[in-house]
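Remarks on the overall topology
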Amino acid sequence: DQQVKQNSPSLSVQEGRISILNCDYTNSMFDYFLWYKKYPAEGPTFLISISSIKDKNEDGRFTVFLNKSAKHLSLHIVPSQPGDSAVYFCAASGSPGTYKYIFGTGTRLKVLA
Amino acid sequence: DAMVIQNPRYQVTQFGKPVTLSCSQTLNHNVMYWYQQKSSQAPKLLFHYYDKDFNNEADTPDNFQSRRPNTSFCFLDIRSPGLGDAAMYLCATSRGLAGEETQYFGPGTRLLVL
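Anyway, here's the lowdown on the structure attached to this text. (Residues numbered from 1 in each chain as written. Chains lettered and ligands numbered in written order. Predicted model: local features only at pLDDT ≥ 70, side-chain atom pairs only at ≥ 80, totals over all residues. Heavy atoms only, no water.)

1. Things to note about a nonpolar patch on the surface
Residues and elements named next belong to chain A. Quick note on the threshold: Patches draw on residues past 30% relative accessible area with no salt bridge. Two like charges within 9 Å are joined, as are two nonpolar side chains (Val, Leu, Ile, Met, Phe, Trp, Tyr) within 5 Å. Accessible areas in this description were obtained via Shrake-Rupley with a 1.4 Å probe; residue shielding takes into account the shown protein chains only. By convention in these notes, a salt bridge is any Lys or Arg side-chain nitrogen within 4 Å of a carboxyl oxygen on Asp or Glu. Helix and strand labels come from DSSP, where a helix needs a run of H or I of at least four residues and a strand needs a run of E of at least two; each type is numbered from the N terminus. For each residue, the accessible area found with a 1.4 Å probe, counting protein chains only, is set against the maximum for its type, and the residue is called buried under 20%, exposed over 50%, and partly exposed in between.
Together, Ile18, Ile20 and Val78 give the surface a local cluster of nonpolar side chains, amounting to about 230 Å² of exposed area. Structurally, isoleucine 20 can be placed in strand S3 (residues 19–25). For isoleucine 20, a relative accessible area of 37% puts it in the partly exposed group.

Printed below as a string of structure tokens:
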């Protein structure tokens with residue numbers, strides 16, 4: 001049972017445009033969400049996070065939106081740059097009694113120059 | 001730079017031959033994790049150490065063991081690797097165990113089982 005889902009395995013976007021990566025979750029007890037970026041041959045790197053008490057968190061070109069009622073979060077990258085090409089993982093935590101991150105399967109973003 | 005280091009980056013072993021993967025960290029974090037990630041799948045937590053306390057995930061096979069001799073180092077031992085154990089193994093660290101603690105990952109070790 002996959003509690004965190006990234007239904008788009010890949011996404012291509014033109015340089016300068018907006019990239020929107022989506023993530024859905026099923027466990028309403030999750031209260032903290034993160035996005036990680038992974039380049040080939042490297043480990044995942046923390047990008048941005050959001051607590052369930054917020055519906056938006058912004059850091060430079062990266063913004064994460066959380067819609068708790070829909071159990072959906074999204075990562076917006078504006079403007080997209082070729083260096084943003086990577087695999088993006090969504091993760092959730094906060095089920096009572098556990099510290100664990102539950103990861104999605106990732107979305108491969110390709111930003112075209 | 002403070003970091004998480006994994007050695008080797010690529011490991012080839014034979015079916016049934018024990019193999020050890022290593023992880024070290026300069027972050028002085030209390031918690032160290034081992035994840036398994038197979039192609040196009042989400043990273044799956046195998047176990048973690050909080051300081052010297054070991055916590056195994058319920059579905060981690062007995063074939064996988066871990067050691068943490070000190071704060072800086074953690075090892076993943078696969079006693080009898082099978083073909084299904086070929087994967088990327090990721091080590092991560094965090095200061096604490098709260099759900100909001102950011103985990104910092106190493107570059108991973110890709111294991112190939114022949």
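2. A word on the interface of chain A and chain B
Interfaces are frequently sized by the accessible area removed from exposure as the parts join. In plain terms, the rule: Note on contacts: a residue pair is in contact if any heavy atoms of the two residues lie within 4.5 Å. In short, buried area is how much 1.4 Å probe accessible area vanishes from two parts on joining, totalled over both. For the purposes of these results, a polar contact is taken to be a pair of N or O atoms within 3.5 Å, where, inside protein, one atom must be able to donate a hydrogen and its partner to accept one; residues adjacent in sequence count only when each atom of the pair is a side-chain atom. Only Asp, Glu, Lys and Arg are considered charged in this grouping, and only Ala, Val, Leu, Ile, Met, Phe, Trp, Tyr, Cys and Pro are considered nonpolar; every other residue, Gly among them, is considered polar.
Facing 17 residues of chain A, the contacting portion of chain B comprises 21 residues. Between chain A and chain B, roughly 1,600 Å² of surface is buried when both sides are summed, and carbon and sulfur atoms account for 59% of that area. Three residues stand out in chain A for area buried against chain B, namely Tyr99, Tyr101 and Phe103 of chain A, and they jointly supply 38% of the buried area on that side. Between the two partners, chain A and chain B, sit one salt bridge. One salt bridge connects glutamate 57 of chain B with lysine 100 of chain A, and the closest N-O pair in it is separated by 2.8 Å. Inspection of the chain A/chain B interface yields five residue pairs in polar contact (both at pLDDT 80 or more). Elements supplying a minimum of two residues to the side of chain A that touches chain B: strand S4 (32–38), strand S5 (45–51) and strand S9 (86–93) of chain A. The element that contributes the greatest number of residues to the side of chain A that touches chain B is S4 of chain A, accounting for three residues. Of the residues that constitute the side of chain A that touches chain B, the class distribution is nine nonpolar, five polar and three charged.

3. A word on the nonpolar core
All names here are of chain A. Put simply, the rule is: We define the nonpolar core as a collection of buried residues of types Ala, Val, Leu, Ile, Met, Phe, Trp, Tyr and Cys that are connected through side-chain atoms lying within 4.5 Å of one another.
In terms of nonpolar packing, the biggest core is built from 23 residues, with Phe33, Trp35, Leu73, Leu75 and Tyr88 touching the most fellow members. When contributions to this core are tallied by element, the ones reaching two or more residues are S3, S4, S5, strand S7 (62–67), strand S8 (72–77), S9 and strand S11 (107–112). Here this core gets four residues from one element, more than from any other, and that element is S9.

4. Side note on the sheet that holds strand S6 (residues 56–59) of chain A
All names here are of chain A. The following threshold applies: Criterion used throughout: strands pair if DSSP finds at least two bridges between them.
Spatial ordering of the open sheet is given by S1-S3-S8-S7-S6, a layout of five strands whose pairing is antiparallel. Every other strand in the sheet has two partners, leaving strand S1 (4–5) and S6 as the edge strands with one partner each. For S6 and S7, the ladder comprises four bridges, and the chain directions are antiparallel. The residue bridging aspartate 59 from the neighbouring strand is phenylalanine 62, located in S7.

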